[in-house]
Amino acid sequence: MFLEPQETMPQTSVVFSSILGPSCSGQGQPSMGERGGGASGSGDLIFQDGRLISGSLEALMEHLVPTVDYYPDRTYIFTFLLSSRVFIPPHDLLARVGQICLEQRQQLEAVSEKAKLKSFSAKIVQLLKEWTEAFPYDFQDEKAMVELKAITHRVTQCDEENGTVKKAIAQMTQSLLLSLAARSQLQELREKLRSPAMDKGPILKAKPPAAQKDILGVCCDPLVLAQQLTHIELERVSSIHPEDLMQIVSHMDSRDKHRCRGDLTKTYSLEAYDNWFNCLSMLVATEVCRVVKKKHRTRMLEFFIDVARECFNIGNFNSMMAIISGMNLSPVARLKKTWSKVKTAKFDVLEHHMDPSSNFCNYRTALQGATQRSQMANSSREKIVIPVFNLFVKDIYFLHKIHTNHLPNGHINFKGFKLEVINEHPVGLLPLQKFWEISRQIHEFMTWTQVECPFEKDKKIQSYLLTAPIYSEEGEGCLSMAARPPPHNVHITLTAPPPHVHSLCSSWGHPQRQA
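Reading the values: the criteria
The numbers attached to residues start from 1 for each chain and follow its sequence in the written order. Thresholds applied to this predicted model are a pLDDT of at least 70 for local features of residues and 80 or more for the giving and counting of side-chain atom pairs; totals over whole chains, interfaces and linings are not thresholded and use all residues. With hydrogens and water stripped out, all remaining heavy atoms of the structure feed into the side-chain values. We count a stretch as a helix when DSSP gives it H or I for four or more residues in a row; a strand needs E for two or more, and each element gets its number in order from the N terminus. In this scheme, a residue with accessible area under 20% of its type's maximum is buried, one over 50% is exposed, and one in between is partly exposed, where area comes from a 1.4 Å probe on protein chains only. Contacts between residues were defined by any pair of non-hydrogen atoms, one from each residue, lying within 4.5 Å. Should DSSP find at least two bridges between two strands, the strands are taken to pair. Only the stretch in contact is used when fitting a helix axis, every axis being a line fitted to C-alpha atoms; angles between N-to-C directions are given from 0 to 180 degrees. The labels follow the angle: roughly parallel below 35 degrees, roughly antiparallel above 145, roughly perpendicular from 65 to 115, and oblique for the rest. When the near helix sits turned anticlockwise from the far one by under a right angle, the crossing is termed left-handed; a clockwise turn instead gives a right-handed crossing. Pairs were defined over the aromatic rings of Phe, Tyr and Trp, the Trp ring being its six-membered one, requiring ring centres within 6.5 Å. Orientation was assigned from the angle between planes: stacked under 30 degrees, edge-to-face over 60, tilted for the rest. Criterion for a charge above a ring: Lys NZ or Arg CZ within 6 Å of the ring centre, and within 35 degrees of the ring normal. The arc in question is the one traced by the directions running from the helix axis out to the C-beta atoms. To estimate how far a helix should reach, multiply one less than its number of residues by 1.5 Å. The salt bridge criterion pairs a side-chain nitrogen of Lys or Arg with a carboxyl oxygen of Asp or Glu, the two atoms within 4 Å. When residue character is reported, Ala, Val, Leu, Ile, Met, Phe, Trp, Tyr, Cys and Pro are called nonpolar, Asp, Glu, Lys and Arg charged, and the others, Gly included, polar. Values of pLDDT, ranging from 0 to 100, describe the predictor's confidence in every residue of the model. Two cysteine sulfurs form what is called a disulfide whenever their separation falls within 2.5 Å. For the purpose of counting charges, residues Lys and Arg are taken to be positive, whereas Asp and Glu are taken to be negative. His and the chain ends are not included. Contacts described as polar in this section are N or O atom pairs within 3.5 Å, which, within protein, must combine one atom able to donate a hydrogen with one able to accept it, while residues neighboring in sequence count only if both atoms come from side chains.

J.: So what exactly am I meant to see when it comes to the overall build of the chain here?
T.: A tally of regular secondary structure across the chain gives 20 helices and 8 strands. Expressed as a percentage of the 515 residues in the chain, the buried residues total 52%. In the chain, once contacts between residues fewer than 6 apart in sequence are set aside, the share between residues at least 24 apart is 74%.

J.: Would you mind going over the pairing of strand β1 (residues 45-48) with me for this structure?
T.: Along any regular strand the residues' side chains alternate between the sheet's two faces. Burial along β1 is one-sided: the face carrying L45 and F47 is buried and the face carrying I46 and Q48 is not. Counting the residues between successive antiparallel strands, the hairpin from β1 to strand β2 (residues 51-55) contains 2 residues, one of them, D49, with a positive phi of roughly 55°.

J.: Is there a simple way to explain the packing of helix α2 (residues 74-83) against helix α4 (residues 114-134) in this structure?
T.: Describing two packed helices takes the angle between their axes plus the distance from one axis to the other. Remark: α2 packs on α4, axes separated minimally by 11 Å, with the N-to-C direction vectors making an angle of 55°. Taken together, the axes of α2 and α4 are oblique relative to one another. Between α2 and α4 lies a crossing whose hand is right-handed. Across from R74, I77, F78 and L81 in α2, the residues of α4 making contact are Q126, L127, E130, W131 and A134.

J.: What is the right way to read the packing of aromatic side chains from this model?
T.: Pairs of aromatic rings are described using the distance from one ring centre to the other and the angle between the two planes. Under the counting rule described, the total for this entry stands at 11 aromatic pairs. With a centroid separation of 4.5 Å and an interplanar angle of 15°, the aromatic rings of F392 and F445 are classed as stacked. Of this pair, F392 sits in helix α17 (residues 389-401) while F445 sits in helix α18 (residues 434-449), and the two are 53 residues apart along the sequence. Both residues of the pair, F392 and F445, belong to the buried class. Taking NZ or CZ as reference, R85 lies 5.0 Å from the ring centre of F135, over its face.

J.: Explain helix α15 (residues 345-353) to me, please; I cannot follow it from the model alone.
T.: Quick reminder: α-helices carry 3.6 residues per turn. Residues three or four places apart thus point the same way. Among the residues of α15, F347, L350, E351 and H353 are the ones counted as buried. Angularly, the buried residues of α15 cover 155° about the axis, an arc narrow enough to put them on a single face.

J.: What is the right way to look at unusual backbone geometry in this model?
T.: Residues other than glycine predominantly adopt negative phi, and peptide bonds predominantly adopt the trans conformation. Here the phi dihedral of S358 falls at roughly 55°; this positive angle occurs in a residue that is not glycine. Mapped onto the fold, S358 is located in helix α16 (residues 357-375).

J.: Mind showing me how you'd approach α4 here?
T.: Here α4 spans 30 Å end to end across 21 residues, near enough to the 30 Å set by a 1.5 Å rise per residue. Of all the positions in α4, only L117, F120, S121, K123, I124, V125, Q126, L127, L128, E130, W131 and T132 are classed as buried.

J.: Quick question: what am I supposed to make of the pairing of β2 here?
T.: When you tally the buried positions in β2, you get 4 out of 5 residues, the bulk of the element. Strand direction decides the pairing type here: β1 and β2, joined by 4 bridges, are antiparallel. Among the inter-strand pairings, Q48 is bridged to a residue of β2, identified as R51.

J.: Honestly, the pattern of salt bridges in this entry has me stumped. Any pointers?
T.: When the charged atoms of two side chains lie near each other, side chains of opposite charge can form a pair. For the structure shown, the criterion picks out 13 salt bridges. Here R290 makes a salt bridge to E287, at a shortest N to O gap of 3.6 Å. The two residues R290 and E287 agree in class, both being buried. The closest approach of N and O atoms between D395 and R364, which form a salt bridge, is 2.7 Å. Separated by 31 residues along the polypeptide, D395 in helix α17 and R364 in helix α16 bring together distant segments of the chain. Given the relative accessible area of 26%, D395 is considered partly exposed.

J.: How should I be thinking about the packing of helix α1 (residues 57-64) against helix α3 (residues 90-110) in this particular structure?
T.: Their axes nearest at 10 Å, the elements α1 and α3 cross at an angle of 65°. The angle between the axes of α1 and α3 places the two elements in the roughly perpendicular class. As for how α1 packs across α3, the hand of that crossing is right-handed. Contacts between α1 and α3 pair E58, M61, E62 and L64 from the former with L93, R96, V97 and I100 from the latter. When the residues that make up the contact of α1 with α3 are grouped by side-chain class, the tally is 5 nonpolar, no polar and 3 charged.

J.: What is the right way to look at the confidence of the model for the chain in this model?
T.: Low-confidence regions, as indicated by low pLDDT, have predicted coordinates that should not be scrutinised in detail. Taken as a whole, the chain shows an average pLDDT of 75; of its residues, 67% reach a score of 70 or greater. Per-residue pLDDT, averaged within each element of the chain, yields its smallest value for strand β6 (residues 425-432) (34) and its largest for helix α8 (residues 222-237) (96). Note that pLDDT drops below 50 for residues 195-207; the model gives that stretch 20 contacts with residues more than four away or on any other chain.

J.: For this particular structure, what's the right way to read the environment of N313?
T.: Summarising the element assignment, N313 is placed in helix α11 (residues 294-314). The spatial distance from the C-alpha of N313 to the C-alpha of A226 is 9.6 Å, given a sequence separation of 87 residues.

J.: Looking at this structure, how should I read the state of the cysteines?
T.: What we call a disulfide is simply a covalent bond connecting the sulfur atoms of a pair of cysteines. Going through the model one piece at a time under the given rule, you end up with 0 disulfides. Take C219: it sits in no disulfide, and the sulfur closest to it among the cysteines is that of C220, at 6.3 Å.

J.: So what exactly am I meant to see when it comes to the side chain of E233 here?
T.: Turning to its location among the elements, E233 is positioned in helix α8. Despite being buried, E233 has no salt bridge partner; R236 is the closest side chain of opposite charge, sitting 7.7 Å away. Only 3.2 Å separates the side chain of E233 from the side chain of N318, close enough to count as a polar contact. Leaving out residues up to four positions away in the same chain, E233 has contacts with Y273, W276, N316, N318, S319 and I386.

J.: So what exactly am I meant to see when it comes to the environment of K346 here?
T.: Topologically, K346 is positioned in helix α15. Apart from the residues lying within four places of it in its own chain, the contact partners of K346 are I305, D306 and R309.

J.: Whenever I open this one, the environment of E310 confuses me. Can you help?
T.: Along the polypeptide, E310 turns up in helix α11. Under the relative-accessibility criterion, E310 is labelled buried at 18%. Placed 83 residues apart in sequence, E310 and Q227 show a C-alpha to C-alpha distance of 8.3 Å. In contact with E310, other than residues within four places in its own chain, are P222, L223 and A226.

What follows is the structure, given as structure tokens:
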């Protein structure tokens, strides 16, 4: 939810879900006093049924910048700042915003409109404030900071000492520097915690030492473990930012990739979150396969089934999917004698929810229900929604890639198409505003990431989940023999978190458990 505009600014809608509606002042057909068609000869903005559907990059940039009588809708500000990085680096966009501001300022100075000049300056500061709050890490780039300082210097020239504009700039700058410092410290910490790749991890014989704990020795309550998994999920996902998501869906754009900001290898938060899913899946497989006695393996499988069910009830779909994937890895799936003793009714229900047919229709229905519960929540527990991250990224990437960014006339295509899939067969292309929809979905995701976890943190359980040794892929062949005593002198290798089991944009699906 965006902040309400100041009284000196034209009132605009702040409800993000309204961006597809025709009544938003920032999207509606331009009227007297609003920015719109023919701005400075830069090319018209094209509207259809009151919705902005395309425009040249120059016209869209001018539509972003306030005038004396106009302030852009907050939804347009967020959407354009998010999607513009596909076409132009943030520091170049900021430089162009500064040029447009300078041109308007000079026009006002020429007619000695001091009151209007002050009002215009306040609006520019408000725009910069919204930019630095929504996308603070655009300003990690030194070029962007230079442009920001240049713009703020210009707008303060008309303000008296200790004036409102100068105070607003000082507050904005302080908040920005705090955000950048926090991110820098987080990245440095992650770099220190990264261990160098090892050819071989510690060696463990097929029969673990009796003194070595398993997950049931640390936590035997499925609900408590599901709550601790939710803690870890929310901590990791909260460090993901809108520009990170936009970067990963646009970095392969063949037409614009040379202009996309940043290096995908530097998206630490995305890497950490993706690794967490893979490690949780492998931890589940390890915990099951390291147990020697069939009766105890059966109990372990039923325990994780109950944990996955509690994750589903909480709204933690990412951990639920990771657990199901772990139980469907081939070393676990082929333990036929163990599975024959498991009461699989609960597991069948979970697999039904995560059935990949019809584009994960069952999961999407459950996610929609959790979203509605979150929107009407009376308690923090009901607000939790943690989607399957890989599926979320695939949806955004697909929405971005199924149609062109540019129209034949060179305009940026704000209006796109959404492919409707029924029973795995496309049945038609539904008109949809491309960048509005990408922005809406990312904004909704960011809302979920900001939920504070209501469960009490258990450091002992979390430490085990994050540091327990897991079998490497090289050990999977040996793990599959856990159903019977292994041959003499067979050793199994343990290692740190394994290579990716799933890439962020890979095809989804998992091996099915054998009957």
